[in-house]
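What follows is the residue order along each chain.
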Amino acid sequence: MSCTSSTLPIIAVLRAPAARAALQQLVLALALVLGLSACIHGGGSLPPSGPAPADVGVSTQELPGEEQPAEPAPLTGPEKAAAWLEAHRDRPTMLRAFVERMPKGADLHMHLNGSIYAESFIRWAADEGICVNRMTGALTDPPCRTREGQVAARTAFEDPELYETFIDMVSTRNLERSPQSGHARFFAAFSKIRGVGADGDKIAELAARAADEHVQYLEIMLTLREPQVAAIGRKIGFDTDLASTRQALLAAGLAEEVTRARAELDSITRRARTTLGCDSSEPGPGCDVEWRILQQTIRTLEPAEVYAQLVFAFELARGDARVVGINIVAPEDSPVALRDCRRHMAMIGSLSRAMPEVGVAVHAGELWPGLVPPRYLRSHIREAVTLAQARRIGHGVDLAYEDDPPGLLELMRERSVLLEACLTSNRVILGVAGDVHPLEEYLRAGVPVALASDDEGVLRTSLGTEYLLAVTEHGLGYRELAQMARDSLSYSFVEGDGLWTSPRRLQVADACAADHLGSDEPTPACAALLASDTRARLQWRLEAELEGFESLPWITCQVPE
Ligand SMILES: [Zn+2]
């Protein structure tokens, strides 16, 4: 492993407040020298570059034998944005304004139900005539059993205390007032909201929010037909001969379940488009957000049920262009998930070898000492990479406790396995944040990373918040944020080869090599690529949006006018 392959050589320095302050002074001084100061007092544009006027009182005539200092090159757009961020590193409101507006590419790790706000669930529950438990917040089918504390969900809109309690109980809001741990509150939320609301409306909510947050592509995890698929799994049982069990599952009705799931997706897509008004004369901004599905497998069930779910997920992804991959979810620290982790990874690996076109992302290493005995911290991330052939790892928090962490980082870098970093989720559920979080080690090792929200609704977070934490808790600058935004699209499972021949080095595909990236008028060859390649189209748009962001007057001029 190369010990000098750091992509973030200044991070360690940035962690020390004194060093950070000194660096900020340096950046400010540089920015001032290079002309940003004109904007601070003067207004909306940078000073023109070019030769100094002759009447400034200082001779500009070259003296014999003396070398004149070179004219400093004007800052590029990315350099201006980077300088702005450094100049405002200690100004939380301005940093927040920056990350909110920054184009972020994709959110690759988000669960459908967990990403919905409790306010939407209670509204849907009221519309559907469902009951809410005053004590637990659980939503249940009518009739409401008042002796058990259940009342009609619509009551919540006339009862502020019930409304507030419900939101707290199905999210991690006001967690500090609760005796529950973040882990307990978080995972308990999902059973309380299960089955409420239409998936199409939920996707519409996510797409509309993504548009507001300058996110252009979502990979949404959901679980289609889980009870039916698990039942087929129980009927067939589990045999260590994975290939023959797969055939038996398909023959026993799994193939028909794939057909039914595709029909469900048709209906979900139609509803999402209707809710967003995509086919109306005034389509909502969410219609511009691309989304694809990752079919989830619940890892806390018995092996026969887990394998049936995985076969179903791979077959669905192979058969439906909207489903671009799979993931395995539910608490990694549950007894069954711990017992069967290696077996699950082998199952995924076997199916991945048979269907390599299916994207594989795995929750792995979402663990921490104290949550589980130490022996469970040693191998989950590595096994996800080596056994399951995962192309993306969700969380990867317990890196330090893996056998041979440097070797694992090198393996991930070599295989170009991306880390989906979910900083708020890790802080709330595991209590891991700041210096203790391994984000910087992944970046330092050259492992591609994308920030992700995990469960925006339950965690009351946003992708903007994740970007902010990367700056404030991990010392990242604009260059690293922009790289992560680009990586989120490069390592997504969306169809298409993309704009770059090499995602990390950002070499442009031949068809667009002569173009200004993000231009409204690409050359014919480039336009043909963009028309035929969704990934390239998304990446092109991100380049245009980044350039627009870097050109915002309040960025180029340091402070808003
Ligand atoms: Zn997750």
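As shown above, the structure is provided for reference.
Every residue gets a number counted from 1 within its own chain, in the order that chain's sequence is written. Confidence filtering applies because this is a predicted model: local features only for residues at pLDDT of at least 70, side-chain atom pairs given and counted only at 80 or more, and all residues used for totals across whole chains, interfaces and linings. Excluding hydrogens and water, the side-chain values take into account all heavy atoms of the structure.

1. A word on the overall build of the protein chain
Rules: We count a stretch as a helix when DSSP gives it H or I for four or more residues in a row; a strand needs E for two or more, and each element gets its number in order from the N terminus. Each residue gets one of three labels from its accessible area relative to the maximum for its type: buried under 20%, exposed over 50%, partly exposed in between, using a 1.4 Å probe on protein chains only. In what follows, residue pairs with any heavy atoms lying within 4.5 Å of each other are defined as contacts. Each accessible area is a Shrake-Rupley estimate made with a 1.4 Å probe; only the visible protein chains count as cover when residues are assessed.
Helix and strand content of the protein chain: 23 helices and 13 strands. Looking at the protein chain as a whole, 54% of its 561 residues are labelled buried. Long-range pairs, those at least 24 residues apart, make up 74% of the contacts in the protein chain with a sequence separation of at least 6. As presented, the protein chain carries roughly 24,200 Å² of accessible surface, and 54% of it is formed by carbon and sulfur atoms.

2. Details of the nonpolar core
Here is the rule we go by: Among the buried residues, those of types Ala, Val, Leu, Ile, Met, Phe, Trp, Tyr and Cys that are joined through side-chain atoms within 4.5 Å form a nonpolar core. Domain extents, as shown, originate in an automatic or database domain assignment.
Counting residues in hydrophobic clusters, the biggest one holds 131 residues, and the most contacted among them are Phe98, Leu139, Ile348, Val362 and Ile393. Each of domain 1 (115–193) and domain 2 (199–494) contributes no fewer than three residues to this core. Residues contacting Ile393, with those up to four places away along its chain left out, are Val362, Ala364, Ile381, Ala384, Val385, Met412, Val417, Leu418, Leu419 and Glu420. The next biggest cluster of nonpolar side chains, apart from the first, holds 11 residues, and it includes Val428, Ile429, Val432 and Leu459.

3. Focus on helix H20 (residues 478–490)
Keep this limit in mind: Helix span, as expected, comes to 1.5 Å for every residue beyond the first.
Between the first and last C-alpha of H20 there are 18 Å, a value that for 13 residues agrees with the 18 Å anticipated at 1.5 Å per step. Counting buried positions over the 13 residues of H20 gives 11, a clear majority of the element. Every buried residue of H20 is accounted for by Tyr478, Glu480, Leu481, Ala482, Met484, Ala485, Arg486, Asp487, Ser488, Leu489 and Ser490.

4. Considering the sheet that holds strand E2 (residues 131–133)
Hydrogen bonds along the backbone pair up the strands of a sheet, which may run parallel or antiparallel. Heads up, the condition is: In this scheme, strands are said to pair when DSSP sees at least two bridges between them.
In space, the three strands of this open sheet follow the order E3-E2-E4, with antiparallel pairing throughout. The open sheet has two edge strands with one neighbour each: strand E3 (139–140) and strand E4 (150–152). Sheet analysis places E2 next to E3, joined by two bridges and oriented antiparallel. Of the residues in E3, the one forming a bridge with Cys131 is Thr140.

5. Examining the pattern of salt bridges
The test is simple: Note on definitions: salt bridges are taken to be side-chain nitrogens of Lys or Arg within 4 Å of carboxyl oxygens of Asp or Glu.
The final tally for this structure, using the stated rule, is 36 salt bridges. Between Arg89 and Glu86 there is a salt bridge, with its nearest N and O atoms 2.8 Å apart. This pair shows no difference in class: Arg89 is buried, exactly as Glu86 is. Across the pair Arg318 and Glu315 runs a salt bridge whose closest N-O atoms are separated by 3.1 Å. Taken together, the positions of Arg318 and Glu315, both in helix H12 (residues 303–319) and three residues apart, correspond to about one turn of that helix. Its relative accessible area of 43% is what places Arg318 among the partly exposed residues. For Glu315, a relative accessible area of 10% translates into the label buried. Through salt bridges with shared partners, a single ionic network connects Arg225, Glu257, Arg260 and Glu264.

6. Some points on the pairing of strand E1 (residues 106–111)
When you tally the buried positions in E1, you get six out of six residues, the bulk of the element. As judged from the four bridges shared by E1 and strand E5 (residues 217–222), these two strands associate in the parallel manner. Opposite Ala106, over in E5, you have Tyr217 as the bridge partner.

7. Points about the packing of aromatic side chains
Threshold: A pair of aromatic rings is counted whenever rings of Phe, Tyr or Trp (Trp by its six-membered ring) have centres within 6.5 Å, and the orientation is called stacked for planes under 30 degrees apart, edge-to-face for over 60 and tilted otherwise. A positively charged side chain is recorded as over a ring if its NZ (Lys) or CZ (Arg) lies within 6 Å of the ring centre. The angle to the ring normal must also be within 35 degrees.
In this structure the tally under the stated criterion is 11 aromatic pairs. Taking the centre distance of 5.4 Å and the plane angle of 75° together, the rings of Trp84 and Trp554 count as edge-to-face. Placement of the pair is Trp84 in helix H4 (residues 77–87) and Trp554 in helix H23 (residues 553–556), with a sequence separation of 470 residues. For the pair Trp84 and Trp554, a shared accessibility class is recorded, and that class is buried. Aromatic pair Phe98 and Phe549: ring centres 5.0 Å apart, planes at 70°, arrangement edge-to-face. Remark: Phe549 occurs in helix H22 (residues 534–550) and Phe98 occurs in helix H5 (residues 92–101); sequence separation between them is 451 residues. Given a relative accessible area of 3%, Phe549 falls into the buried group. Three or more aromatic residues joined by ring pairs form one cluster here, namely Trp84, Phe98, Tyr478, Phe549 and Trp554. We note Lys104 situated over the ring of Tyr467; from NZ or CZ to the ring centre the distance is 6.0 Å. Residue placement shows Arg392 over the ring face of Phe493; its charged tip is 4.0 Å from the ring centre.

8. Quick look at the coordination of the zinc ion
How we decide: Excluding water, the donors of a metal are its N, O and S neighbours within 2.8 Å, or within 3.2 Å for Na, K and Ca, and that exclusion means sites may look incomplete.
In this structure, His109 (NE2), His111 (NE2), His363 (NE2) and Asp454 (OD) serve as the protein donors to the zinc ion, at separations of 2.1 to 2.3 Å. All donors of the zinc ion belong to a single chain; written as a sequence motif, their spacing is H-x1-H-x251-H-x90-D. Each member of the pair His109 and His111 is classed as buried.

9. Observations concerning the packing of helix H10 (residues 226–236) against H12
Our working definition: Fitted lines through C-alpha atoms serve as axes, helices being fitted only where they are in contact, and the angles separating the N-to-C directions of these axes extend from 0 to 180 degrees. We call two directions roughly parallel when the angle between them is under 35 degrees, roughly antiparallel when it is over 145, roughly perpendicular when it lies between 65 and 115, and oblique otherwise. Crossing handedness is read from the near helix: turned anticlockwise from the far helix by less than a right angle, it gives a left-handed crossing, and turned clockwise, a right-handed one. Each residue gets one label: Ala, Val, Leu, Ile, Met, Phe, Trp, Tyr, Cys and Pro are nonpolar, Asp, Glu, Lys and Arg are charged, and the others, such as Gly, are polar.
Across the interface, H10 lies against H12 with an axial gap of 7 Å and an inter-helix angle of 120°. With respect to H12, the axis of H10 lies oblique. Here the hand of the crossing between H10 and H12 comes out right-handed. The residues of H12 that touch H10, namely those facing Glu226, Val229, Ala230, Gly233 and Arg234, are Ala304, Glu305, Ala308, Gln309 and Phe312. Along the lines of polarity and charge, the residues of the contact of H10 with H12 split into five nonpolar, two polar and three charged.

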